[in-house]
Amino acid sequence: MANLTINGKTFTLDVEPDTPLLWAIRENAGLTGTKYGCGIAQCGACTVHIDGVAMRSCGVSVGDAAGKQITTIEGLGTNGALHRVQQAWIENDVPQCGYCQSGMIMAVVALLKDKPKPTDQDIDEAICGTFQQVREAIHAAANA
């Protein structure tokens with residue numbers, strides 16, 4: 001059994017400590033906004049925040065995440081309102097297929113925390129698969 005704090009709520013999950021956090025979030029906690037992509041912590045589709053740091057949840061064990069604050073895409077907004085990055089994503093027509101969008105959004109939130117006014121180079125270095133609408137949305141969120 002593991003106790004995980006996800007989006008401010010404590011979940012007691014029947015999982016082994018070496019279970020990837022991604023699977024505990026999706027399969028045991030039922031929060032499916034975090035996606036499985038590559039399984040080797042490279043693509044970013046499974047990005048969540050652990051104690052405020054963007055991390056690829058397929059590469060973090062439940063044991064390593066226990067006792068920490070985990071935020072998924074479902075926990076970004078407050079009081080029913082979208083996070084400013086989520087809103088910028090919509091306003092700038094970013095989503096294509098949408099599969100990796102939650103991971104990208106989580107990575108962008110972390111980027112803006114570290115660099116409130118990122119340059120295009122900062123964005124390209126931090127965000128996988130950057131295209132013009134992504135840059136525009138990030139700049140819009142930075143200015144919101």
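Each remark here, short or long, concerns the structure printed above.
Throughout this document, residue positions are counted from 1 along each chain, in the order its sequence is written. pLDDT decides what is reported in this predicted model: residues at 70 or higher carry local features, side-chain atom pairs at 80 or more are listed and counted, and totals for whole chains, interfaces and linings draw on all residues regardless. As a convention, hydrogens and water are excluded, and side-chain values are obtained from all of the structure's heavy atoms.

A. Structural view of unusual backbone geometry. One non-glycine residue, Ala 41, adopts positive backbone phi at about 60°. With respect to the secondary-structure elements, Ala 41 resides in the loop between helix H1 (21-28) and strand E3 (47-50). If you check the backbone angles, Asp 51 has positive phi at about 50° while not being a glycine. Starting at the N terminus, helices and strands are each numbered in turn, a helix being any DSSP run of H or I of at least four residues and a strand any DSSP run of E of at least two.

B. Inspection of the sheet that holds strand E5 (residues 69-71) at higher detail. Read from one edge of the open sheet, 5 strands run E2-E1-E5-E3-E4, paired in mixed fashion. Looking along the sheet, the strands with just one partner apiece sit at the ends: strand E2 (9-13) and strand E4 (53-56). Between one strand and the next, the sheet's axes are offset by a mean angle of 40°, whatever the strand orientation. Of the pairings in the sheet, the one linking E3 to E4 comprises 4 bridges and is antiparallel in character. Across the sheet, residue His 49 finds its bridge partner in E4, namely Ala 54. When DSSP finds two or more bridges between a pair of strands, those strands are recorded as paired. Fitting a line to C-alpha atoms yields each axis, with helices limited to the stretch in contact; the angle taken between N-to-C directions then spans 0 to 180 degrees.

Any link to function would need more than the numbers given here.
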